[in-house]
Amino acid sequence: MSLGLWRLVVAAFAGFLFFNGFSASEKAPNYSFMHNATSAPTLSYYDYIIVGGGTTGCPLAATLSQNATVLLLERGGSPYGNPNITNMHRFGAALSDLSPLSPSQRFISEDGVINARARVLGGGSCLNAGFYTRADTEFVRQAGWDERLVNESYQWVEKLVAFEPPLGQWQSAVRDGLVEAGVVPFNGFTYDHIYGTKVGGTIFDQQGNRHTAADLLEYANPSGLTVFLHASVHKILFAIKGKTRPKAHGVVFRDASGAKHKAYLKKGSKNEIIISAGALGSPQLLMLSGVGPAAHLKAHNITVVLDQPLVGQGMSDNPMNAVFVPSPLPVEVSLIQVVGITQFGSYIEAAGGENFAGGSSSPRDYGMSSPKIGQLSTVPPKQRTPEAIDKAVEYMNNLDQADFRGGFILEKVTGPISTGHLELRTRNLNDNPSVTFNYFKDPQDLQRCVQGIQTIEKIIESKPFSKFRYDYLPWPVLLNMTANAPLNLLPKHYNPSMPLEVYCKDTVMTIWHYHGGCQIGKVVDLDYKVLGVDSLRVIDGSTFNYSPGTNPQATVMMLGRYMGVKILSERLAN
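Calculation criteria
Residues numbered from 1 in each chain as written. Predicted model: local features only at pLDDT ≥ 70, side-chain atom pairs only at ≥ 80, totals over all residues. Heavy atoms only, no water. Helix = DSSP H or I, 4+ residues; strand = E, 2+ residues; numbered from the N terminus. Buried < 20%, exposed > 50% of the residue type's maximum accessible area, 1.4 Å probe, protein only. Contact = heavy atoms within 4.5 Å. Areas by Shrake-Rupley, 256 points an atom, 1.4 Å probe, with all protein chains shown as cover. Pairing = 2+ DSSP bridges. Axes fitted to C-alpha atoms, helices over the stretch in contact; angles between N-to-C directions. Parallel < 35°, antiparallel > 145°, perpendicular 65-115°, else oblique. Left-handed = near helix turned anticlockwise from the far one by under 90°.

Asker: Explain the overall build of the protein chain to me, using residue names and the numbers behind them.
Answerer: Within the protein chain one finds 14 helices and 26 strands. Going through the 574 residues of the protein chain one by one, you find that 62% of them count as buried. Across the protein chain, every contact between residues at least 6 apart in sequence was considered, and the portion connecting residues at least 24 apart equals 74%. Only carbon and sulfur atoms are counted for the fraction: they give 52% of the accessible area of the protein chain, which is about 21,100 Å².

Now the structure itself:
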(Lines give C-alpha, C1' and ligand atoms only; values in the text may rest on other atoms or scores of the structure.)
Protein backbone atom coordinates (compact mmCIF):
# COMPACT_ATOMS: atom_id res chain seq x y z
CA MET A 1 0.00 0.00 0.00
CA SER A 2 1.39 3.42 -0.96
CA LEU A 3 2.10 6.00 1.75
CA GLY A 4 -0.60 8.30 0.36
CA LEU A 5 -3.24 5.59 0.38
CA TRP A 6 -2.18 4.50 3.85
CA ARG A 7 -2.62 8.03 5.20
CA LEU A 8 -6.04 8.19 3.53
CA VAL A 9 -7.11 4.95 5.25
CA VAL A 10 -5.91 6.21 8.63
CA ALA A 11 -7.63 9.56 8.18
CA ALA A 12 -10.90 8.00 7.05
CA PHE A 13 -10.90 5.48 9.88
CA ALA A 14 -10.03 8.15 12.44
CA GLY A 15 -12.85 10.31 11.14
CA PHE A 16 -15.30 7.45 11.42
CA LEU A 17 -14.27 6.74 15.00
CA PHE A 18 -14.18 10.43 15.91
CA PHE A 19 -17.74 11.09 14.83
CA ASN A 20 -19.15 7.74 15.92
CA GLY A 21 -17.42 7.40 19.28
CA PHE A 22 -20.64 7.51 21.27
CA SER A 23 -22.62 5.07 19.11
CA ALA A 24 -23.12 2.38 21.75
CA SER A 25 -21.51 4.04 24.72
CA GLU A 26 -22.22 3.84 28.41
CA LYS A 27 -21.84 6.64 30.93
CA ALA A 28 -19.38 6.58 33.79
CA PRO A 29 -19.43 5.12 36.37
CA ASN A 30 -22.08 2.64 35.23
CA TYR A 31 -19.90 0.54 32.96
CA SER A 32 -21.36 -2.91 32.35
CA PHE A 33 -17.94 -4.11 31.17
CA MET A 34 -16.11 -3.23 34.44
CA HIS A 35 -15.71 -6.06 36.96
CA ASN A 36 -13.62 -7.14 39.90
CA ALA A 37 -10.98 -9.61 38.75
CA THR A 38 -12.26 -12.20 41.23
CA SER A 39 -15.04 -12.79 38.69
CA ALA A 40 -12.58 -13.39 35.85
CA PRO A 41 -12.48 -16.82 34.22
CA THR A 42 -9.41 -18.94 34.79
CA LEU A 43 -8.74 -18.91 31.05
CA SER A 44 -9.88 -16.41 28.40
CA TYR A 45 -9.02 -15.19 24.88
CA TYR A 46 -9.01 -11.72 23.29
CA ASP A 47 -7.73 -9.85 20.24
CA TYR A 48 -5.89 -7.33 22.41
CA ILE A 49 -4.75 -7.52 26.02
CA ILE A 50 -3.83 -4.18 27.59
CA VAL A 51 -1.87 -4.18 30.83
CA GLY A 52 -2.61 -1.01 32.78
CA GLY A 53 -5.86 0.97 32.82
CA GLY A 54 -4.16 4.31 33.25
CA THR A 55 -3.89 7.57 31.36
CA THR A 56 -2.94 5.78 28.13
CA GLY A 57 -4.59 2.40 28.67
CA CYS A 58 -8.16 3.71 29.01
CA PRO A 59 -8.33 5.69 25.74
CA LEU A 60 -6.43 2.91 23.97
CA ALA A 61 -8.88 0.27 25.16
CA ALA A 62 -11.91 2.42 24.32
CA THR A 63 -10.64 2.90 20.77
CA LEU A 64 -9.60 -0.69 20.08
CA SER A 65 -12.93 -2.00 21.38
CA GLN A 66 -14.70 -0.42 18.40
CA ASN A 67 -13.53 -3.20 16.11
CA ALA A 68 -11.95 -5.92 18.28
CA THR A 69 -12.26 -7.75 21.58
CA VAL A 70 -10.18 -6.09 24.27
CA LEU A 71 -9.17 -7.08 27.79
CA LEU A 72 -8.03 -4.20 30.01
CA LEU A 73 -6.29 -5.25 33.23
CA GLU A 74 -5.92 -2.66 36.00
CA ARG A 75 -4.12 -3.46 39.25
CA GLY A 76 -6.08 -0.83 41.19
CA GLY A 77 -9.74 -0.13 41.79
CA SER A 78 -12.36 2.23 40.43
CA PRO A 79 -11.95 6.00 40.86
CA TYR A 80 -15.67 6.55 41.10
CA GLY A 81 -17.21 7.30 44.47
CA ASN A 82 -13.89 8.32 46.04
CA PRO A 83 -14.08 12.03 47.03
CA ASN A 84 -10.31 12.13 47.52
CA ILE A 85 -10.07 11.64 43.76
CA THR A 86 -13.14 13.48 42.53
CA ASN A 87 -13.11 16.66 44.62
CA MET A 88 -10.52 19.33 43.81
CA HIS A 89 -10.67 20.52 47.42
CA ARG A 90 -9.36 17.12 48.54
CA PHE A 91 -6.22 17.29 46.41
CA GLY A 92 -3.35 15.68 48.28
CA ALA A 93 -5.53 13.37 50.36
CA ALA A 94 -5.19 10.48 47.90
CA LEU A 95 -1.44 11.01 47.65
CA SER A 96 -1.04 10.86 51.42
CA ASP A 97 -3.24 7.76 51.76
CA LEU A 98 -0.80 4.92 52.44
CA SER A 99 -3.40 2.18 52.88
CA PRO A 100 -3.16 -1.00 50.75
CA LEU A 101 -6.22 0.03 48.73
CA SER A 102 -5.06 3.61 48.18
CA PRO A 103 -5.20 4.87 44.58
CA SER A 104 -1.63 6.03 45.15
CA GLN A 105 1.41 3.84 45.82
CA ARG A 106 4.34 5.64 47.37
CA PHE A 107 7.86 4.98 46.15
CA ILE A 108 11.14 6.53 47.15
CA SER A 109 13.80 7.08 44.54
CA GLU A 110 17.43 6.36 45.35
CA ASP A 111 17.92 10.13 45.15
CA GLY A 112 15.87 10.39 48.34
CA VAL A 113 12.78 12.09 46.92
CA ILE A 114 9.45 10.60 47.96
CA ASN A 115 7.24 10.06 44.94
CA ALA A 116 4.00 8.32 43.96
CA ARG A 117 2.65 6.06 41.24
CA ALA A 118 -1.01 5.55 40.42
CA ARG A 119 -2.89 2.40 41.38
CA VAL A 120 -6.38 3.10 40.06
CA LEU A 121 -8.41 3.00 36.85
CA GLY A 122 -7.57 6.28 35.14
CA GLY A 123 -4.00 6.29 36.40
CA GLY A 124 -2.24 9.54 37.15
CA SER A 125 -5.20 11.59 35.94
CA CYS A 126 -6.89 10.54 39.21
CA LEU A 127 -4.11 12.00 41.37
CA ASN A 128 -2.59 14.98 39.58
CA ALA A 129 -3.24 18.72 39.80
CA GLY A 130 -5.41 18.56 36.70
CA PHE A 131 -3.57 20.86 34.28
CA TYR A 132 -4.36 20.07 30.65
CA THR A 133 -2.07 21.37 27.91
CA ARG A 134 -0.80 19.92 24.66
CA ALA A 135 2.76 19.02 23.70
CA ASP A 136 4.99 21.41 21.81
CA THR A 137 5.13 20.99 18.04
CA GLU A 138 8.78 19.90 18.19
CA PHE A 139 7.84 16.96 20.42
CA VAL A 140 5.22 15.88 17.89
CA ARG A 141 7.70 16.23 15.03
CA GLN A 142 10.44 14.26 16.77
CA ALA A 143 7.97 11.49 17.65
CA GLY A 144 7.18 11.13 13.95
CA TRP A 145 3.46 11.47 14.59
CA ASP A 146 0.86 12.43 11.99
CA GLU A 147 -0.09 16.00 12.95
CA ARG A 148 -3.66 15.75 11.70
CA LEU A 149 -4.36 12.56 13.65
CA VAL A 150 -2.64 14.05 16.70
CA ASN A 151 -4.96 17.06 16.57
CA GLU A 152 -8.04 14.88 16.09
CA SER A 153 -6.95 12.67 18.98
CA TYR A 154 -6.49 15.63 21.31
CA GLN A 155 -9.97 16.85 20.36
CA TRP A 156 -11.41 13.40 21.07
CA VAL A 157 -9.97 13.58 24.59
CA GLU A 158 -10.98 17.19 25.15
CA LYS A 159 -14.64 16.59 24.32
CA LEU A 160 -14.97 14.60 27.55
CA VAL A 161 -12.36 15.66 30.07
CA ALA A 162 -10.96 19.16 29.40
CA PHE A 163 -12.36 22.49 30.56
CA GLU A 164 -11.47 26.18 30.77
CA PRO A 165 -10.78 26.99 34.43
CA PRO A 166 -12.48 29.87 36.27
CA LEU A 167 -9.62 32.21 37.13
CA GLY A 168 -9.70 33.74 40.61
CA GLN A 169 -7.84 36.77 41.93
CA TRP A 170 -4.73 34.93 43.08
CA GLN A 171 -4.20 33.05 39.82
CA SER A 172 -4.89 36.30 37.94
CA ALA A 173 -2.19 38.01 39.99
CA VAL A 174 0.28 35.24 39.11
CA ARG A 175 -0.68 35.58 35.44
CA ASP A 176 -0.15 39.35 35.43
CA GLY A 177 3.04 38.97 37.47
CA LEU A 178 4.43 36.57 34.88
CA VAL A 179 3.79 39.08 32.13
CA GLU A 180 5.42 41.88 34.15
CA ALA A 181 8.36 39.54 34.78
CA GLY A 182 8.89 39.30 31.02
CA VAL A 183 7.29 35.93 30.23
CA VAL A 184 5.52 37.33 27.20
CA PRO A 185 3.33 37.58 25.26
CA PHE A 186 0.10 36.75 27.09
CA ASN A 187 -1.63 34.16 24.91
CA GLY A 188 -4.97 34.00 26.70
CA PHE A 189 -6.69 30.65 27.21
CA THR A 190 -5.32 27.90 25.01
CA TYR A 191 -4.44 24.22 25.10
CA ASP A 192 -1.50 24.89 22.77
CA HIS A 193 2.14 25.06 23.88
CA ILE A 194 3.24 28.62 23.06
CA TYR A 195 6.11 30.67 24.50
CA GLY A 196 4.81 33.28 26.90
CA THR A 197 2.12 33.22 29.57
CA LYS A 198 -1.18 31.44 29.13
CA VAL A 199 -4.20 30.04 30.89
CA GLY A 200 -4.32 26.33 30.22
CA GLY A 201 -7.06 23.74 30.46
CA THR A 202 -8.00 21.60 33.42
CA ILE A 203 -9.68 18.24 33.96
CA PHE A 204 -11.70 19.80 36.82
CA ASP A 205 -15.11 21.11 35.74
CA GLN A 206 -16.76 24.33 36.93
CA GLN A 207 -17.99 22.55 40.06
CA GLY A 208 -14.50 21.35 40.97
CA ASN A 209 -15.16 17.73 40.00
CA ARG A 210 -12.31 15.77 38.42
CA HIS A 211 -12.75 14.04 35.06
CA THR A 212 -10.20 11.31 34.46
CA ALA A 213 -8.96 9.04 31.70
CA ALA A 214 -11.43 6.46 33.04
CA ASP A 215 -14.20 8.72 31.69
CA LEU A 216 -12.83 8.09 28.19
CA LEU A 217 -14.17 4.55 28.49
CA GLU A 218 -17.53 6.17 27.72
CA TYR A 219 -16.33 6.00 24.11
CA ALA A 220 -15.93 2.21 24.32
CA ASN A 221 -18.02 -0.39 22.57
CA PRO A 222 -19.40 -2.25 25.61
CA SER A 223 -19.64 -5.53 23.73
CA GLY A 224 -15.97 -5.33 22.73
CA LEU A 225 -14.39 -4.46 26.07
CA THR A 226 -13.79 -6.28 29.34
CA VAL A 227 -12.18 -4.39 32.25
CA PHE A 228 -10.96 -6.26 35.30
CA LEU A 229 -10.04 -4.26 38.41
CA HIS A 230 -7.59 -5.39 41.10
CA ALA A 231 -5.93 -7.51 38.42
CA SER A 232 -2.15 -7.58 38.87
CA VAL A 233 -0.31 -8.85 35.80
CA HIS A 234 2.75 -10.78 36.94
CA LYS A 235 4.13 -11.98 33.64
CA ILE A 236 3.89 -11.75 29.87
CA LEU A 237 3.91 -15.23 28.33
CA PHE A 238 6.05 -15.85 25.24
CA ALA A 239 5.93 -18.59 22.64
CA ILE A 240 9.50 -19.51 21.74
CA LYS A 241 9.57 -23.01 20.29
CA GLY A 242 9.49 -23.02 16.51
CA LYS A 243 9.75 -19.23 16.38
CA THR A 244 12.54 -17.18 14.84
CA ARG A 245 12.10 -14.83 17.79
CA PRO A 246 9.91 -14.71 20.92
CA LYS A 247 6.21 -14.00 20.37
CA ALA A 248 4.02 -12.61 23.16
CA HIS A 249 0.82 -14.62 23.35
CA GLY A 250 -0.61 -14.32 26.85
CA VAL A 251 -0.47 -12.92 30.37
CA VAL A 252 -0.70 -14.28 33.89
CA PHE A 253 -2.61 -12.14 36.39
CA ARG A 254 -3.84 -12.52 39.94
CA ASP A 255 -6.98 -11.12 41.51
CA ALA A 256 -7.32 -9.59 44.98
CA SER A 257 -7.70 -13.01 46.56
CA GLY A 258 -4.47 -14.21 45.00
CA ALA A 259 -6.13 -16.56 42.52
CA LYS A 260 -4.25 -16.99 39.25
CA HIS A 261 -5.81 -16.32 35.85
CA LYS A 262 -4.45 -16.60 32.32
CA ALA A 263 -5.53 -14.63 29.28
CA TYR A 264 -4.30 -15.45 25.79
CA LEU A 265 -4.43 -13.77 22.42
CA LYS A 266 -6.84 -15.24 19.90
CA LYS A 267 -5.27 -16.58 16.72
CA GLY A 268 -4.49 -13.80 14.28
CA SER A 269 -1.36 -12.05 13.10
CA LYS A 270 -2.63 -8.61 14.16
CA ASN A 271 -3.52 -9.54 17.73
CA GLU A 272 -1.21 -8.08 20.36
CA ILE A 273 -0.42 -7.53 23.99
CA ILE A 274 0.09 -3.88 24.88
CA ILE A 275 1.80 -2.76 28.08
CA SER A 276 0.60 0.61 29.39
CA ALA A 277 1.68 0.27 32.99
CA GLY A 278 3.58 3.56 33.28
CA ALA A 279 7.19 4.58 33.59
CA LEU A 280 7.81 2.27 36.54
CA GLY A 281 5.39 -0.53 35.78
CA SER A 282 6.19 -1.10 32.11
CA PRO A 283 9.96 -1.67 32.37
CA GLN A 284 9.37 -3.62 35.59
CA LEU A 285 6.93 -5.97 33.86
CA LEU A 286 9.23 -6.45 30.86
CA MET A 287 12.04 -7.48 33.20
CA LEU A 288 9.82 -9.78 35.25
CA SER A 289 8.78 -11.40 31.96
CA GLY A 290 12.39 -12.01 30.89
CA VAL A 291 13.00 -9.00 28.63
CA GLY A 292 15.81 -6.85 29.99
CA PRO A 293 19.51 -6.83 30.90
CA ALA A 294 20.47 -10.51 31.01
CA ALA A 295 22.88 -10.28 33.95
CA HIS A 296 20.34 -8.38 36.05
CA LEU A 297 17.57 -10.86 35.23
CA LYS A 298 19.78 -13.84 36.04
CA ALA A 299 20.67 -12.26 39.37
CA HIS A 300 16.96 -12.44 40.20
CA ASN A 301 16.60 -15.99 38.85
CA ILE A 302 14.45 -14.81 35.95
CA THR A 303 14.65 -16.84 32.73
CA VAL A 304 15.99 -14.58 29.98
CA VAL A 305 13.68 -14.36 26.97
CA LEU A 306 15.58 -11.48 25.35
CA ASP A 307 18.76 -9.76 26.46
CA GLN A 308 17.72 -6.10 26.18
CA PRO A 309 20.14 -3.96 28.23
CA LEU A 310 18.26 -0.71 27.57
CA VAL A 311 15.10 -1.70 29.44
CA GLY A 312 15.00 0.50 32.54
CA GLN A 313 17.51 3.00 31.18
CA GLY A 314 16.86 6.69 30.49
CA MET A 315 14.70 7.26 33.58
CA SER A 316 14.00 10.95 34.15
CA ASP A 317 11.93 13.01 36.56
CA ASN A 318 11.50 16.72 35.92
CA PRO A 319 12.78 18.46 39.06
CA MET A 320 10.38 20.94 40.61
CA ASN A 321 11.21 23.68 43.09
CA ALA A 322 8.75 26.02 44.72
CA VAL A 323 8.41 29.01 47.00
CA PHE A 324 5.53 29.26 49.45
CA VAL A 325 4.13 32.78 49.71
CA PRO A 326 1.97 33.52 52.78
CA SER A 327 -0.86 35.92 51.96
CA PRO A 328 -2.49 38.67 54.03
CA LEU A 329 -5.66 38.07 51.98
CA PRO A 330 -7.71 34.90 51.56
CA VAL A 331 -6.59 32.89 48.53
CA GLU A 332 -9.02 30.89 46.42
CA VAL A 333 -8.46 27.16 46.21
CA SER A 334 -6.88 26.52 42.82
CA LEU A 335 -4.57 23.97 41.32
CA ILE A 336 -2.50 24.59 38.19
CA GLN A 337 -4.29 27.04 35.85
CA VAL A 338 -1.69 29.52 34.61
CA VAL A 339 1.70 28.69 33.14
CA GLY A 340 4.65 30.73 32.01
CA ILE A 341 6.52 29.00 29.19
CA THR A 342 9.97 30.59 29.20
CA GLN A 343 12.60 30.67 26.50
CA PHE A 344 15.29 29.39 28.86
CA GLY A 345 13.74 26.01 29.64
CA SER A 346 11.67 26.42 32.77
CA TYR A 347 7.91 26.36 33.25
CA ILE A 348 6.38 28.56 35.95
CA GLU A 349 3.09 27.44 37.52
CA ALA A 350 1.16 28.13 40.70
CA ALA A 351 -1.39 26.58 43.03
CA GLY A 352 -2.93 28.11 46.12
CA GLY A 353 -5.59 28.31 48.77
CA GLU A 354 -5.76 26.97 52.30
CA ASN A 355 -6.75 23.59 51.00
CA PHE A 356 -3.79 23.26 48.69
CA ALA A 357 -1.44 24.41 51.42
CA GLY A 358 -3.29 21.92 53.57
CA GLY A 359 -4.76 24.00 56.35
CA SER A 360 -8.49 23.51 55.93
CA SER A 361 -8.98 19.75 55.75
CA SER A 362 -9.71 17.68 58.80
CA PRO A 363 -7.52 15.91 59.55
CA ARG A 364 -5.00 18.13 57.84
CA ASP A 365 -3.29 16.56 54.83
CA TYR A 366 -1.04 19.58 54.17
CA GLY A 367 -1.56 19.35 50.45
CA MET A 368 1.64 19.97 48.57
CA SER A 369 3.53 20.41 51.86
CA SER A 370 2.55 17.07 53.30
CA PRO A 371 5.15 15.11 55.24
CA LYS A 372 3.09 12.08 54.21
CA ILE A 373 3.34 12.90 50.51
CA GLY A 374 6.99 13.72 50.94
CA GLN A 375 7.09 17.01 49.08
CA LEU A 376 10.04 19.19 50.07
CA SER A 377 11.70 16.04 51.40
CA THR A 378 15.04 14.73 50.18
CA VAL A 379 15.68 12.56 53.18
CA PRO A 380 17.99 9.56 52.79
CA PRO A 381 15.93 6.40 53.28
CA LYS A 382 17.67 5.42 56.54
CA GLN A 383 16.71 8.78 58.08
CA ARG A 384 13.12 8.64 56.81
CA THR A 385 11.51 7.11 59.88
CA PRO A 386 7.84 7.10 60.93
CA GLU A 387 8.93 8.96 64.06
CA ALA A 388 10.54 11.74 62.02
CA ILE A 389 7.44 12.12 59.86
CA ASP A 390 5.18 12.06 62.94
CA LYS A 391 7.25 14.84 64.45
CA ALA A 392 6.79 16.94 61.30
CA VAL A 393 3.04 16.24 61.33
CA GLU A 394 2.82 17.30 64.98
CA TYR A 395 4.62 20.54 64.16
CA MET A 396 2.15 21.21 61.34
CA ASN A 397 -0.83 20.47 63.56
CA ASN A 398 0.28 23.17 65.98
CA LEU A 399 0.46 25.85 63.31
CA ASP A 400 -2.21 28.51 63.15
CA GLN A 401 -4.78 28.36 60.35
CA ALA A 402 -3.46 31.66 58.98
CA ASP A 403 -0.07 30.04 58.37
CA PHE A 404 -1.64 28.03 55.56
CA ARG A 405 -3.17 31.03 53.79
CA GLY A 406 -1.27 31.60 50.58
CA GLY A 407 0.06 29.53 47.75
CA PHE A 408 3.02 28.01 45.97
CA ILE A 409 4.69 29.42 42.89
CA LEU A 410 6.77 26.70 41.34
CA GLU A 411 9.11 26.07 38.46
CA LYS A 412 9.60 22.84 36.57
CA VAL A 413 12.73 22.18 34.54
CA THR A 414 11.93 21.16 30.98
CA GLY A 415 13.34 17.92 29.61
CA PRO A 416 15.21 17.12 31.79
CA ILE A 417 18.66 16.33 30.47
CA SER A 418 19.71 14.36 33.55
CA THR A 419 18.80 10.67 33.42
CA GLY A 420 19.04 7.61 35.61
CA HIS A 421 17.92 4.01 35.58
CA LEU A 422 15.50 1.46 37.03
CA GLU A 423 16.25 -1.99 38.45
CA LEU A 424 14.25 -4.75 40.08
CA ARG A 425 14.41 -5.06 43.86
CA THR A 426 12.47 -8.32 43.97
CA ARG A 427 10.48 -10.59 41.67
CA ASN A 428 7.26 -9.44 43.34
CA LEU A 429 5.29 -7.21 40.99
CA ASN A 430 3.75 -5.36 43.95
CA ASP A 431 7.14 -4.25 45.23
CA ASN A 432 8.38 -0.98 43.80
CA PRO A 433 11.48 -1.26 41.64
CA SER A 434 14.58 0.70 42.53
CA VAL A 435 14.79 3.91 40.51
CA THR A 436 17.40 6.65 40.35
CA PHE A 437 16.65 9.93 38.54
CA ASN A 438 19.92 11.82 39.17
CA TYR A 439 18.27 15.21 39.68
CA PHE A 440 20.48 18.09 38.50
CA LYS A 441 23.29 15.79 37.41
CA ASP A 442 23.49 17.84 34.22
CA PRO A 443 24.51 21.46 34.97
CA GLN A 444 22.05 22.80 32.40
CA ASP A 445 19.14 21.43 34.45
CA LEU A 446 20.50 23.23 37.50
CA GLN A 447 20.93 26.49 35.59
CA ARG A 448 17.35 26.29 34.35
CA CYS A 449 16.17 25.85 37.92
CA VAL A 450 18.11 28.93 39.01
CA GLN A 451 16.58 31.02 36.22
CA GLY A 452 13.14 29.70 37.13
CA ILE A 453 13.56 30.68 40.79
CA GLN A 454 14.78 34.13 39.70
CA THR A 455 11.60 34.50 37.64
CA ILE A 456 9.48 33.53 40.65
CA GLU A 457 11.16 36.35 42.58
CA LYS A 458 10.13 38.82 39.87
CA ILE A 459 6.52 37.58 40.05
CA ILE A 460 6.34 37.90 43.82
CA GLU A 461 7.81 41.40 43.69
CA SER A 462 5.59 42.50 40.80
CA LYS A 463 2.88 45.12 41.23
CA PRO A 464 -0.02 42.77 40.30
CA PHE A 465 1.01 40.32 43.03
CA SER A 466 1.69 42.92 45.73
CA LYS A 467 -1.60 42.51 47.62
CA PHE A 468 -0.92 38.79 48.10
CA ARG A 469 2.37 39.17 49.95
CA TYR A 470 3.48 40.62 53.28
CA ASP A 471 5.82 43.60 53.06
CA TYR A 472 7.73 42.37 56.11
CA LEU A 473 8.56 39.07 54.36
CA PRO A 474 11.15 39.99 51.72
CA TRP A 475 12.37 37.50 49.13
CA PRO A 476 15.33 36.12 51.14
CA VAL A 477 13.00 35.37 54.05
CA LEU A 478 10.52 33.55 51.77
CA LEU A 479 13.32 31.40 50.38
CA ASN A 480 14.60 30.65 53.85
CA MET A 481 11.10 29.72 55.07
CA THR A 482 10.70 27.17 52.30
CA ALA A 483 14.25 25.85 52.56
CA ASN A 484 13.89 25.36 56.31
CA ALA A 485 10.40 23.90 56.34
CA PRO A 486 10.18 21.18 59.02
CA LEU A 487 9.15 18.69 56.38
CA ASN A 488 12.67 18.41 55.05
CA LEU A 489 14.53 16.34 57.60
CA LEU A 490 17.94 16.73 56.00
CA PRO A 491 20.63 18.90 57.55
CA LYS A 492 20.13 22.29 55.95
CA HIS A 493 22.69 23.77 53.60
CA TYR A 494 20.87 26.78 52.23
CA ASN A 495 20.89 30.24 53.74
CA PRO A 496 20.29 33.56 51.97
CA SER A 497 24.02 34.16 51.52
CA MET A 498 24.33 30.99 49.43
CA PRO A 499 23.71 30.72 45.67
CA LEU A 500 20.38 29.55 44.31
CA GLU A 501 22.02 26.38 43.07
CA VAL A 502 22.10 25.23 46.69
CA TYR A 503 18.43 26.14 47.11
CA CYS A 504 17.52 24.09 44.04
CA LYS A 505 19.35 21.02 45.32
CA ASP A 506 18.08 21.37 48.90
CA THR A 507 14.40 21.80 47.99
CA VAL A 508 14.05 19.55 44.95
CA MET A 509 10.63 17.93 44.63
CA THR A 510 8.84 15.79 42.12
CA ILE A 511 6.01 17.07 39.99
CA TRP A 512 5.17 13.42 39.16
CA HIS A 513 6.17 13.76 35.50
CA TYR A 514 8.73 10.96 35.54
CA HIS A 515 9.18 9.02 32.31
CA GLY A 516 11.53 6.73 30.38
CA GLY A 517 12.60 3.12 30.81
CA CYS A 518 11.19 1.84 27.49
CA GLN A 519 12.28 4.60 25.17
CA ILE A 520 11.62 4.88 21.46
CA GLY A 521 14.59 3.77 19.38
CA LYS A 522 16.04 1.86 22.33
CA VAL A 523 13.36 -0.52 23.61
CA VAL A 524 10.49 0.12 21.17
CA ASP A 525 10.35 1.26 17.55
CA LEU A 526 8.41 4.23 16.17
CA ASP A 527 5.24 2.12 16.24
CA TYR A 528 5.87 1.27 19.91
CA LYS A 529 6.58 -2.37 19.09
CA VAL A 530 9.10 -3.94 21.45
CA LEU A 531 12.33 -4.55 19.57
CA GLY A 532 13.35 -8.19 19.23
CA VAL A 533 9.96 -9.77 20.03
CA ASP A 534 6.65 -10.09 18.20
CA SER A 535 3.08 -9.14 19.15
CA LEU A 536 4.12 -6.86 22.00
CA ARG A 537 4.01 -3.08 22.31
CA VAL A 538 4.61 -0.56 25.07
CA ILE A 539 2.46 2.56 24.78
CA ASP A 540 2.76 5.07 27.63
CA GLY A 541 5.09 7.67 29.15
CA SER A 542 7.86 5.12 29.62
CA THR A 543 8.59 5.55 25.89
CA PHE A 544 9.25 9.30 26.18
CA ASN A 545 12.75 10.73 25.94
CA TYR A 546 11.56 13.91 27.62
CA SER A 547 8.31 15.16 29.09
CA PRO A 548 5.88 16.64 26.53
CA GLY A 549 4.80 20.23 27.07
CA THR A 550 4.45 21.79 30.49
CA ASN A 551 2.35 18.89 31.84
CA PRO A 552 2.17 15.52 30.08
CA GLN A 553 -1.29 14.09 30.81
CA ALA A 554 -3.01 15.56 27.72
CA THR A 555 -0.40 13.99 25.45
CA VAL A 556 -0.41 10.66 27.29
CA MET A 557 -4.21 10.43 26.86
CA MET A 558 -3.91 11.57 23.25
CA LEU A 559 -1.30 8.87 22.61
CA GLY A 560 -3.72 6.15 23.69
CA ARG A 561 -6.32 7.36 21.23
CA TYR A 562 -3.76 8.04 18.48
CA MET A 563 -2.21 4.59 18.62
CA GLY A 564 -5.60 2.94 18.96
CA VAL A 565 -6.67 4.50 15.67
CA LYS A 566 -3.41 3.52 13.97
CA ILE A 567 -3.55 -0.07 15.21
CA LEU A 568 -7.17 -0.49 14.11
CA SER A 569 -6.31 1.08 10.75
CA GLU A 570 -3.60 -1.56 10.26
CA ARG A 571 -6.11 -4.22 11.18
CA LEU A 572 -8.66 -2.84 8.69
CA ALA A 573 -6.08 -2.55 5.92
CA ASN A 574 -5.35 -6.28 6.23
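Asker: Explain the sheet that holds strand S15 (residues 272-275) to me, using residue names and the numbers behind them.
Answerer: Reading across from one edge, S1-S11-S4-S3-S15-S26 is the order of the six strands in this open sheet, with parallel pairing throughout. Every interior strand has two partners, whereas the edge strands, strand S1 (34-36) and strand S26 (536-538), have only one. Put simply, the sheet's adjacent strands are angled 20 degrees from each other on average, direction ignored. Pairing geometry for strand S3 (residues 48-51) and S15, over four bridges, is parallel.

Asker: Please provide a residue-by-residue account of the pairing of strand S2 (residues 43-46), values included.
Answerer: Where burial is concerned, the two faces of S2 differ: the one with Ser 44 and Tyr 46 is buried and the one with Leu 43 and Tyr 45 is not. Pairing of S2 with strand S14 (residues 260-265), which is carried by four bridges, proceeds in the parallel orientation. Of the residues in S14, the one forming a bridge with Tyr 45 is Tyr 264.

Asker: Go over the packing of helix H2 (residues 57-64) against helix H14 (residues 553-573) with me, naming the residues and quoting the values.
Answerer: Relative orientation of the contacting elements H2 and H14 amounts to 25 degrees, with a least axis distance of 7 Å. On the basis of the axis angle, H2 is roughly parallel to H14. In the packing of H2 onto H14, the handedness of the crossing is right-handed. Of the residues in H14, those touching H2 at Pro 59, Leu 60, Thr 63 and Leu 64 are Met 557, Gly 560, Arg 561, Met 563, Gly 564, Val 565, Ile 567 and Leu 568.

Asker: How would you sum up the environment of Val 251? Please name residues and give values.
Answerer: With respect to the helices and strands, Val 251 occurs in strand S13 (residues 247-254). The class of Val 251 is buried, set by a relative accessible area of 0%. Residues Val 251 and Lys 235, spaced 16 residues apart in sequence, show a C-alpha to C-alpha distance of 5.7 Å. If we ignore the near neighbours within four places in the chain, the residues touching Val 251 are Ile 49, Val 51, Leu 73, Val 233, Lys 235, Ile 236, Leu 237, His 261, Lys 262, Ala 263 and Ile 273.

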